[in-house]
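Next come the chains, spelled out residue by residue.
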Amino acid sequence: MLRTRRTPKDRAAFPTELPTGLHIPAGVSPEVYASHRDILSVLLLRFMTSRLRAMYQAYDGDLTLCLVLGEIASRNTERFYDERRGYMPADAHVQRQLLPCNALSISDVTGIPRETVRRKLAKLVELGWIEKTPEDMYVITDKIGTVFAAFDDSQTYDLMKTSERISNVLRS
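Numbering of residues starts from 1 in each chain and follows the order in which that chain's sequence is written. Under the rules for a predicted model, residues below a pLDDT of 70 receive no local features and side-chain atom pairs below 80 are neither given nor counted, while totals for whole chains, interfaces and linings still include all residues. The basis for every side-chain value is the complete set of heavy atoms in the structure, and neither hydrogens nor water enter the calculation.

### Concerning the overall build of the protein chain
Stage number 1. Secondary structure summary: the protein chain contains eight helices and four strands in total.
Stage number 2. Runs of E in the DSSP output that reach at least two residues are strands. Runs of H or I that reach at least four are helices, and both are numbered from the N terminus. Ordering the α and β elements of the protein chain from the N terminus gives α-α-α-α-β-β-α-α-β-β-α-α.
Stage number 3. Between buried and exposed lies partly exposed: a residue is buried under 20% and exposed over 50% of the maximum accessible area for its type, with that area taken using a 1.4 Å probe on protein chains only. With 172 residues in all, the protein chain has 27% of them scored as buried.
Stage number 4. Pairs at least 24 residues apart make up 54% of the contacts formed inside the protein chain by residues separated by at least 6 positions.
Stage number 5. Note that accessible areas follow from Shrake-Rupley with a 1.4 Å probe, and for residues the cover is restricted to the protein chains shown. Of the accessible surface of the protein chain, which amounts to about 12,500 Å², a share of 55% is contributed by carbon and sulfur atoms. Working rule for contacts: check all heavy atoms of both residues, and any pair within 4.5 Å makes them a contact.

### Notes on the confidence of the model for the protein chain
Stage number 1. Per-residue confidence from the prediction method is given by pLDDT, with values spanning 0 to 100. A residue-level look at the protein chain finds 79% of positions with pLDDT of 70 or above and a mean pLDDT of 84.
Stage number 2. When pLDDT is averaged over each element of the protein chain, helix α6 (residues 114-127) comes out on top at 97 and helix α1 (residues 8-13) at the bottom at 54.

### Brief notes about the nonpolar core
Stage number 1. Only buried residues count toward a nonpolar core. Its members are Ala, Val, Leu, Ile, Met, Phe, Trp, Tyr and Cys residues joined through side-chain atoms within 4.5 Å. L69, I72, L121, L124 and I130 are the most contacted members of the largest nonpolar core, which totals 23 residues.
Stage number 2. Broken down by secondary-structure element, the contributors of at least two residues to this core are α3 (37-58), α4 (63-76), α5 (103-110), α6 and β4 (138-140).
Stage number 3. It is α4 that provides the largest number of residues to this core, a total of six residues.
Stage number 4. The contacts of L69, once residues within four sequence positions are left out, are Y59, L124, W129, I130, I140 and F148.

### Brief notes about the packing of α4 against α5
Stage number 1. Only C-alpha atoms enter the line fits that serve as axes; for helices the fit covers just the stretch in contact. Angles between N-to-C directions range over 0 to 180 degrees. Between α4 and α5, whose axes approach to 10 Å, the crossing angle comes to 110°. Judged by the angle between their axes, α4 and α5 are roughly perpendicular. In this structure, α4 meets α5 at a crossing whose hand is right-handed. Residues L67, V68, E71 and I72 of α4 touch α5, and the partners they reach there are I106, V109 and T110.
Stage number 2. Class assignment of the residues belonging to the contact of α4 with α5 gives a composition of five nonpolar, one polar and one charged. When an angle is under 35 degrees it counts as roughly parallel; over 145 it counts as roughly antiparallel; between 65 and 115 it counts as roughly perpendicular; any other value is oblique. Here is the rule for handedness: rotate from the far helix to the near one, and if that takes an anticlockwise turn smaller than a right angle the crossing is left-handed, while a clockwise turn gives right-handed. Only Asp, Glu, Lys and Arg are considered charged, only Ala, Val, Leu, Ile, Met, Phe, Trp, Tyr, Cys and Pro nonpolar, and every remaining residue, Gly among them, polar.

### Description of the pattern of salt bridges
Between side chains of opposite charge, a pair can form as their charged atoms come close.
Stage number 1. Each reported salt bridge corresponds to a side-chain nitrogen of Lys or Arg within 4 Å of a carboxyl oxygen of Asp or Glu. In total, this model carries six salt bridges according to the counting rule given.
Stage number 2. Put simply, K161 and E164 hold a salt bridge, and the shortest N to O gap is 3.8 Å. Of the two residues, K161 and E164 both sit in helix α8 (residues 149-171), three residues apart, roughly one turn of that helix.
Stage number 3. Judged by relative accessible area, K161 falls into the partly exposed class, the value being 26%.
Stage number 4. According to the relative accessible area criterion, E164 is partly exposed, its value standing at 42%.

### Some details on unusual backbone geometry
Stage number 1. With phi around 50°, D60 is a residue other than glycine that occupies positive phi space.
Stage number 2. Examined against the element boundaries, D60 turns out to sit in the loop between α3 and α4.
Stage number 3. Positive phi, normally seen in glycine, also occurs at D136, with a value near 65°.
Stage number 4. For D136, the position within the fold is in the loop between β3 (130-132) and β4.

Written out as structure tokens, the structure is:
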């Protein structure tokens, strides 16, 4: 059997193909979910549009910069939250290590050309939001926690409100 690898660019061209099958949260009836798909779509549209608008404004229109920083932060903090085990509190005696990443891995996962990633990395270093390790890897700095605190609070609030609305629709 011939296997073809779909790139992020391929997937972006056909977003309605992913994911296959209906993924319904535990405890939700498939019939209830299906009967409310239209309103769920509207709620998700509103949430995503407001988040994209906020990111566009926060990054002065450079959504690629936002995506590169997000990928770095996601990779760096993998040890802090494990999907299977949940939040991993730091041992009082052991400092958690950030998992660094490089331009190639960011390019591979996002589909952004490597040279564009390199330019964005240089800008993020200049802003002081990331730093380059001696091994040519990148890690976030403490500065982003301060810079993005209010932004993160806003994101969390909007996510929780949207989640509440979705829960209310699915309970009705």
